Amino acid sequence: MESDKQHFRHILLFCKRKSKNAVQARKKLTDVYGEGVLTVRQCQNWFAKFRSGNFDVEDAPRSGRPVEADKDAIKALVDVNRRITTREIGLRLNLSNSSVYMTT
């Protein structure tokens, strides 16, 4: 998935260097890869980044430490109660609902 993102960003950069605008670049992408590739707004954001002189096509590192959930603790709660929700697990283990969901 990440390599697809970078591939599309390389194509956007190529289109930018060929004096195309974001809408034209998206049209070229959707002609080849289909409608679900990138939104016009995403293309515009990347074009703005390129205009500012930043040609890095990789995602910038995010701040903060990634949440690490204890898979064994989650599994133990599920083994005790098969009907437990991700919300309940999160409350018991002090994790966000999405962190529990991504771990399971």
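Residues numbered from 1 in each chain as written. Predicted model: local features only at pLDDT ≥ 70, side-chain atom pairs only at ≥ 80, totals over all residues. Heavy atoms only, no water.

Caption draft 1: Up close: the overall build of the chain. Broken down by element type, the chain carries 6 helices and 0 strands. Reading the helices (α) and strands (β) of the chain from amino to carboxyl end gives α-α-α-α-α-α. Scaling as 2.2 N^0.38, a compact globule of 104 residues should have a C-alpha radius of gyration of about 13 Å, whereas the chain reaches 20 Å, well beyond that. Along the three orthogonal principal directions, the C-alpha set of the chain runs to about 60 × 30 × 20 Å. Among the 104 residues that make up the chain, the fraction classed as buried is 24%. Counted over contacts in the chain with a minimum sequence separation of 6, partners at least 24 positions apart contribute 45%. Of the accessible surface of the chain, which amounts to about 8000 Å², a share of 50% is contributed by carbon and sulfur atoms. The average position of the 20 basic charges and that of the 12 acidic charges among the side chains of the chain differ by 9 Å. (Helix = DSSP H or I, 4+ residues; strand = E, 2+ residues; numbered from the N terminus. Rg over C-alpha atoms; globule rule 2.2 N^0.38 Å. Buried < 20%, exposed > 50% of the residue type's maximum accessible area, 1.4 Å probe, protein only. Contact = heavy atoms within 4.5 Å. Areas by Shrake-Rupley, 256 points an atom, 1.4 Å probe, with all protein chains shown as cover. Lys, Arg positive; Asp, Glu negative; His and termini not counted. Charge placed at Lys NZ, Arg CZ, Asp CG, Glu CD.)

Caption draft 2: Broad picture of the UniProt feature "domain: Mos1 transposase HTH" (unreviewed entry) in the chain. UniProt records the feature "domain: Mos1 transposase HTH" (unreviewed entry) for residues 5-54 in the present numbering. Taken end to end, residues 5-54 is 74% helix and 0% strand, and its first and last C-alpha atoms sit 17 Å apart. (UniProt positions renumbered as here; feature names shortened; annotations may be inferred.)

Caption draft 3: Highlighting the packing of aromatic side chains. By the definition in use, this model includes 4 aromatic pairs. Taking 4.9 Å as the distance between ring centres and 70° as the angle between the ring planes, the aromatic pair formed by Phe8 and Tyr33 counts as edge-to-face. A residue pair is termed long-range when its members are at least 10 positions apart, and Phe8 in helix 1 (residues 2-17) and Tyr33 in helix 2 (residues 22-33) qualify at 25 residues. Of the residues examined, Tyr33 reaches a relative accessible area of 41% and is grouped as partly exposed. Each ring, one from Phe47 and one from Phe50, has its centre 6.4 Å from the other, and the planes form 50°; the classification is tilted. Taken together, the residues span about one helical turn, with Phe47 and Phe50 both in helix 3 (residues 40-51) at a distance of 3 residues. For Phe47, a relative accessible area of 3% puts it in the buried group. Put simply, the rings of Trp46, Phe47, Phe50 and Phe55 pair up and form one aromatic cluster. One cation-aromatic arrangement involves Arg17 over Phe55; the distance from NZ or CZ to the ring centre is 5.1 Å. (Phe/Tyr/Trp six-rings, centres within 6.5 Å; stacked < 30°, edge-to-face > 60°. Lys NZ or Arg CZ within 6 Å of the ring centre and 35° of its normal.)

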